[in-house]
Amino acid sequence: QQPVQSPQAVILREGEDAVINCSSSKALYSVHWYRQKHGEAPVFLMILLKGGEQKGHEKISASFNEKKQQSSLYLTASQLSYSGTYFCGTGGNYGQNFVFGPGTRLSVLP
Amino acid sequence: NAGVTQTPKFRILKIGQSMTLQCTQDMNHNYMYWYRQDPGMGLKLIYYSVGAGITDKGEVPNGYNVSRSTTEDFPLRLELAAPSQTSVYFCASTSAGTLNEQYFGPGTRLTVT
């Protein structure tokens, strides 16, 4: 079942902050975050694992609430390069049935 | 390392034709995935593989077939192409299921007319 993301879209000015949320009705073993620019492949940002371990981008932070089956991605002091569509993804504990959310389109304006 | 490579980059098919999209990775990853992405939409899982000889259906497998005879290669076969299969197809691989990042290929843009 596909995770739900909010908001669908957000517009920021350079330097502003944003939060993107991801929630699932199924138990989560991990949450992945990827960013995709127009016409390109998705690029890895971060993984959050059960138990609190995180792997990923140093300048991006995220949280993972296992009980609520939710994750949030925090983008601080946004730069023009942050523009793109952000996807969260979840899957079974052995990588099966990996499912991406519908995406959040982020636009950073000068 | 080349990472994940996909061929072709672009292809136009006529309705009813068949083709194979190639995906190769040189990172010795066990897990490989095929996704499709329709314009303005998210990625949908078509098929995945957890190792050579092992494949399973994802969310949208109808109209597609896969095989995994080696660790490196995971081709996607389209039989009897339909306009609904017009999409961008991404192949991805990872070393440890959901525990590590997925590396994506550059994609194949397919149009069926």
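The structure this text deals with has already been given above.
About the thresholds
Residues numbered from 1 in each chain as written. Chains lettered and ligands numbered in written order. Predicted model: local features only at pLDDT ≥ 70, side-chain atom pairs only at ≥ 80, totals over all residues. Heavy atoms only, no water. Helix = DSSP H or I, 4+ residues; strand = E, 2+ residues; numbered from the N terminus. Rg over C-alpha atoms; globule rule 2.2 N^0.38 Å. Buried < 20%, exposed > 50% of the residue type's maximum accessible area, 1.4 Å probe, protein only. Contact = heavy atoms within 4.5 Å. Areas by Shrake-Rupley, 256 points an atom, 1.4 Å probe, with all protein chains shown as cover. Lys, Arg positive; Asp, Glu negative; His and termini not counted. Charge placed at Lys NZ, Arg CZ, Asp CG, Glu CD. Pairing = 2+ DSSP bridges. Axes fitted to C-alpha atoms, helices over the stretch in contact; angles between N-to-C directions. Buried area = accessible area lost by both parts, 1.4 Å probe. Salt bridge = Lys/Arg side-chain N within 4 Å of Asp/Glu carboxyl O. Polar contact = N/O pair within 3.5 Å; in protein donor to acceptor, adjacent residues only side chain to side chain. Nonpolar A, V, L, I, M, F, W, Y, C, P; charged D, E, K, R; others polar. Disulfide = S-S within 2.5 Å.

Some words on the overall build of chain A
In step 1: If you tally the helices and strands in chain A, you get 0 helices and 11 strands.
In step 2: Ordered by position in the sequence, the α and β elements of chain A form the string β-β-β-β-β-β-β-β-β-β-β.
In step 3: Relative to the compact-globule value of 13 Å for 110 residues, chain A shows a C-alpha radius of gyration of 13 Å, a close match.
In step 4: Each of the three principal axes of chain A carries a C-alpha extent, and together these read 40 × 25 × 20 Å.
In step 5: Counting only residues that meet the buried cut, chain A has 47% of its 110 residues in that class.
In step 6: Long-range contacts, defined here as pairs at least 24 residues apart, represent 55% of the contacts in chain A between residues at least 6 apart.
In step 7: Total accessible area on chain A stands at roughly 5,600 Å², and carbon and sulfur atoms take up 49% of it.
In step 8: Side-chain charges of chain A comprise 10 positive and 7 negative groups, with the mean position of each set lying 8 Å from the other.

Here we look at the sheet that holds strand 8 (residues 76-78) of chain B
In a beta sheet, neighbouring strands are held together by backbone hydrogen bonds and run either parallel or antiparallel to one another.
Residue and element names in this part refer to chain B.
In step 1: The 4 strands are arranged 1-3-8-7 in an open sheet whose pairing can be described as antiparallel. The open sheet has two edge strands, strand 1 (4-7) and strand 7 (64-66), and neither has a second partner. Shown here is a sheet whose adjacent strand axes are inclined to one another by a mean of 20°, direction ignored.
In step 2: Looking at chain direction, strand 3 (residues 19-25) and strand 8 are connected through 3 bridges and run antiparallel. Each bridged residue has a counterpart across the sheet, and for Met19 the counterpart in strand 8 is Leu78.

Quick word on the sheet that holds strand 1 (residues 4-6) of chain A
Residue and element names in this part refer to chain A.
In step 1: Ordered in space as 1-3-8-7, the 4 strands form an open sheet in which the pairing is antiparallel. Sheet topology places strand 1 and strand 7 (61-65) at the edges, where each strand pairs with a single neighbour. Between one strand axis and the next, the sheet turns by 15° as a mean value, whatever way the strands run.
In step 2: Relative to strand 3 (residues 18-23), strand 1 is paired through 3 bridges, and the arrangement is antiparallel. Its bridge partner lying in strand 3, Val4 is registered against Ser23.

A word on the interface of chain A and chain B
Quoted interface sizes are often the accessible area lost when the parts come together.
In step 1: The partner chain B presents 24 residues to the 25 residues of chain A that form the contact.
In step 2: In total, chain A and chain B occlude about 1,800 Å² of area from one another, counting both sides; carbon and sulfur atoms represent 56% of this.
In step 3: Ranking the residues of chain A by area buried against chain B places Pro42, Phe98 and Phe100 of chain A at the top, with a combined share of 24%.
In step 4: The interface formed by chain A and chain B includes 0 salt bridges.
In step 5: Scanning the region where chain A abuts chain B turns up 2 residue pairs in polar contact (both at pLDDT 80 or more).
In step 6: Elements supplying a minimum of two residues to the side of chain A that touches chain B: strand 4 (30-36), strand 5 (43-49) and strand 10 (99-100) of chain A.
In step 7: Of the residues assigned to the side of chain A that touches chain B, the class counts are 12 nonpolar, 11 polar and 2 charged.

As for the state of the cysteines
Residue and element names in this part refer to chain A.
In step 1: For the structure shown, the criterion picks out 2 disulfides over all chains.
In step 2: Two residues, Cys22 and Cys88, share a disulfide whose sulfurs are 2.0 Å apart. Measuring handedness by torsion sign, the sulfur bridge of Cys22 and Cys88 sits at about 75° and is right-handed. Of this pair, Cys22 sits in strand 3 while Cys88 sits in strand 9 (residues 84-90), placing them 66 residues apart in sequence.

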